[in-house]
Amino acid sequence: MIAAGRLAWPRCALDKDQHVPRSGALGQSFGRIHLCVFIPITHRSHKDAQLSTLAVQSWASEGLQREAGAHVRFISLASTAGTLLEPHTMYVPGDMDTDYMHLPMRIMKMWEYLGQRLADECDWYMKADPDSYVNLRAVSDRLSCFDAAQEHFLGVVHAAVPPRHMNWPALYFGHGGSGYVISRGLIPGVGRIAGPCLDDMIETTQGMAMEDVMFALCLKKKLKIEVQSYGYLLPSGPAVRRRIKEEEQEFVVNFHQARDQLFESARTGLPLERMVFWDAQPPRLHGCIMVAHPVENASDLQQVHAIVSAHEAPKARGQKRRSARSSCVPSPIDLAEQAEVQLSAPGTTRKAFWSEAQLSSIARCFASAEGASPRCSWEATTDQCYGLRHFAPAKSSGDCATACCRSGMACRMFQFREDQGCWISDMDSCIVMEQVAEESLRWQGGVKVAG
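Throughout what follows, the structure given in this document is the object of discussion. (Residues numbered from 1 in each chain as written. Predicted model: local features only at pLDDT ≥ 70, side-chain atom pairs only at ≥ 80, totals over all residues. Heavy atoms only, no water.)

### Some remarks on unusual backbone geometry
Both trends apply: most residues other than glycine have a negative phi, and most peptide bonds are in trans.
Next up, step 1: The amide bond that connects His-293 to the next residue, Pro-294, takes the cis arrangement and shows omega of -10°.
Next up, step 2: Relative to the helices and strands, Pro-294 is located in the loop between strand 14 (291–292) and helix 9 (298–310).
Next up, step 3: Backbone geometry at Gln-206 places phi at a positive 60°, although glycine is not the residue there.
Next up, step 4: Mapped onto the elements, Gln-206 comes out in the loop between helix 5 (187–205) and helix 6 (211–223).
Next up, step 5: We note that Lys-224 has phi near 60°; this positive angle belongs to a residue other than glycine.
Next up, step 6: As for its placement among the helices and strands, Lys-224 is situated in the loop between helix 6 and strand 12 (228–229).
Next up, step 7: Looking at Lys-224, the relative accessible area reads 68%, which means it is exposed. (Helix = DSSP H or I, 4+ residues; strand = E, 2+ residues; numbered from the N terminus. Buried < 20%, exposed > 50% of the residue type's maximum accessible area, 1.4 Å probe, protein only.)

Structure, rendered in structure tokens:
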């Protein structure tokens, strides 16, 4: 209801005697669902209905949902009975149709319901938009690298920067259109605070806000939880772009800007023609793309799905062959490069792209999928070399050598010291600033001669 310029939200939405339609129910007799994707749609938008219907015919088809261990549910107020969406529709008690500016109200109500009523249904709870293209298998596989029982808030990290005249710190948040994710370990807490956060938002903004920003603010204020990355996205800036190739990226966040060039590159096989005015520099469409957004045209959604489905994962640098399961997991040398990236915004601390715990989780995922490490031969080095990259998960010289060996020809050198950790590089010669005579300061390392 809207009265006297103020929004009122029904607070009885989760009364236990309230009936919820069974269409699209999540509960399964065989156990928990690995990935649940929730997409709020509105009958106000013809585009929502069209994109949602095409989604269940493409990236969210029943076959792909089964393959990924996923359920996709469209949160609707209007009935979808008799349509393709019917088995994929979920109704949230107390939901109310709003315009886009008041979307945070629907989103908070959705999270309240999920956290209070469906907290044990899924390992991972993902919110996406109707114009999001989600590669279910790629997202599901990546999330399986992390422990769903722990508290995780994952997303494509952006920063909300206040106007200069406001002395507020910037806020890191998970971009809504690119999908943000809550773990099973965190969802009860989210369900507990979503209602109070909704009340606070109505009190301060009348419900008008950016839903992804307000959700991140809610988790930070109430639970002291901040968003972390779950896939790689290259920050803007020429200094960063010189170091890390665009092809390593796993998201397209500016499809609306790069559409023509992305489709042309896919058609011709030529490198992506890039424009300096783009908000981001996306990768080509490939099999490891997790999410593309915003895909606002129905025919574009079909075309993106066809391209991503037809393309294999890009080969890791220096890798001749990779297993199907590990083909989208960054190798140790890729992770070491990505871990050097830090996000920054005015008034807040720098944020490492990957935390050490995430690096360890992804590295274990890669090793598990690849199986036994290949054999490599090394020419020993003991002096400190410069220009290498830190690989935090390796805690011994043997682990360090294995990490470099698993990275294929993209890694040519490793060095380890107990107090300095593991360092790896694609260099095949050592730049030594000075020789070290003291035995305790010598490094264990090698330059790859075979493998």
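### Thoughts on empty space enclosed by the protein
Next up, step 1: Using the criterion set out here, one finds two cavities of 30 Å³ or more in the structure.
Next up, step 2: Quantified by volume, the largest cavity comes out at close to 40 Å³.
Next up, step 3: Lining the largest cavity are Phe-153, Leu-171, Tyr-172, Ala-216, Lys-220, Ile-225, Glu-226 and Val-227.
Next up, step 4: Elements supplying a minimum of two residues to the lining of the largest cavity: strand 10 (171–174) and helix 6.
Next up, step 5: Of the voids in this model, the second largest cavity is the one considered here, and its volume is about 30 Å³. (1 Å grid on protein atoms, 1.4 Å probe; cavity = no way out; pocket = protein on both sides within 12 Å on 5 of 7 lines; lining within 4 Å. Points joined across faces, edges and corners; volume = space filled by probe spheres on them.)

### Thoughts on the state of the cysteines
Next up, step 1: Under the definition given, this model contains seven disulfides.
Next up, step 2: There is a disulfide in this structure between Cys-145 and Cys-365, and the S-S distance comes to 2.2 Å. The disulfide joining Cys-145 to Cys-365 has a torsion of about -75° about its S-S bond and is therefore left-handed. In this pair, Cys-145 sits in the loop between helix 4 (136–143) and strand 8 (153–155) while Cys-365 sits in helix 11 (residues 356–370), placing the two residues 220 residues apart along the sequence. Accessibility assignment for this pair places Cys-145 and Cys-365 in one class, buried.
Next up, step 3: In this model, Cys-376 is linked to Cys-405 through a disulfide, with the two sulfur atoms separated by 1.9 Å. Taking the sign of the S-S torsion, about 90° here, the bridge from Cys-376 to Cys-405 comes out right-handed. Taken as a pair, Cys-376 in the loop between helix 11 and strand 17 (377–381) and Cys-405 in helix 12 (residues 397–406) lie far apart in primary sequence, 29 residues in all. You'll find Cys-376 and Cys-405 in the same group, each marked buried. (Disulfide = S-S within 2.5 Å.)

### With respect to the pairing of strand 20 (residues 421–425)
Next up, step 1: Most of strand 20 sits inside the fold, with four of its five residues counted as buried.
Next up, step 2: Sheet analysis places strand 18 (residues 389–390) next to strand 20, joined by two bridges and oriented antiparallel. Along strand 20, the bridge assignment pairs His-390 with Trp-423.
Next up, step 3: Examined bridge by bridge, strand 19 (residues 413–417) and strand 20 share five bridges and lie antiparallel to one another. Following the sheet pairing, Arg-417 is matched in strand 20 by Gly-421.
Next up, step 4: In textbook terms, the turn of a hairpin is the stretch between consecutive antiparallel strands, and for strand 19 and strand 20 this stretch comprises three residues. (Pairing = 2+ DSSP bridges.)

### Focus: the sheet that holds strand 6 (residues 122–127)
Next up, step 1: Taken together, seven strands build an open sheet; the order of strands is 5-4-3-6-11-8-12 and the sheet is mixed. Two strands bound the open sheet, and with one partner strand each, they are strand 5 (89–90) and strand 12.
Next up, step 2: Note: strand 8 against strand 11 (residues 180–183), two bridges, orientation antiparallel. Residue Leu-154 lies in a different strand from strand 11, and its bridge partner there is Val-181.

### Some thoughts on the nonpolar core
Next up, step 1: Counting 122 residues, the largest nonpolar core has Trp-111 and Tyr-230 as its most contacted members.
Next up, step 2: Among all residues touching Trp-111, those that are not within four sequence positions of it are Tyr-125, Lys-127, Tyr-180, Ile-182, Ile-187, Val-190, Gly-191, Ala-194 and Phe-215. (Core = buried A, V, L, I, M, F, W, Y, C linked by side-chain atoms within 4.5 Å. Contact = heavy atoms within 4.5 Å.)

### Brief notes about the packing of aromatic side chains
Next up, step 1: Overall, the coordinates contain 11 aromatic pairs when judged by the stated rule.
Next up, step 2: Considering the side-chain rings of Tyr-180 and Phe-215, the 5.0 Å spacing of their centres and the 20° angle between planes classify their relative orientation as stacked. Taken together, the residues span a long stretch of sequence, with Tyr-180 in strand 11 and Phe-215 in helix 6 at a distance of 35 residues. An identical accessibility class is assigned to Tyr-180 and Phe-215; each is buried.
Next up, step 3: Aromatic rings pair up to connect Trp-111, Phe-153, Tyr-180 and Phe-215 into one cluster. (Phe/Tyr/Trp six-rings, centres within 6.5 Å; stacked < 30°, edge-to-face > 60°.)

### Some points on the packing of helix 3 (residues 103–117) against helix 6
Next up, step 1: Close contact between helix 3 and helix 6 brings their axes to 9 Å; oriented N to C, the two are set at 45°. Classed by the angle they form, the pair helix 3 and helix 6 counts as oblique. You can see that helix 3 and helix 6 cross each other, and the crossing is right-handed. Packed against helix 3, whose contacting residues are Leu-103, Pro-104, Ile-107, Met-108 and Trp-111, the element helix 6 presents Glu-211, Met-214, Phe-215 and Cys-218 at the interface.
Next up, step 2: When grouped by side-chain class, the residues that make up the contact of helix 3 with helix 6 number eight nonpolar, no polar and one charged. (Axes fitted to C-alpha atoms, helices over the stretch in contact; angles between N-to-C directions. Parallel < 35°, antiparallel > 145°, perpendicular 65-115°, else oblique. Left-handed = near helix turned anticlockwise from the far one by under 90°. Nonpolar A, V, L, I, M, F, W, Y, C, P; charged D, E, K, R; others polar.)

### Concerning the side chain of Gln-281
Next up, step 1: By the element assignment, Gln-281 lies in the loop between helix 8 (255–268) and strand 14.
Next up, step 2: Here Gln-281 falls in the buried class, since its relative accessible area comes to 9%.
Next up, step 3: Engagement of the side chain of Gln-281 in a polar contact is seen with the side chain of Arg-274, the distance being 3.4 Å. (Polar contact = N/O pair within 3.5 Å; in protein donor to acceptor, adjacent residues only side chain to side chain.)

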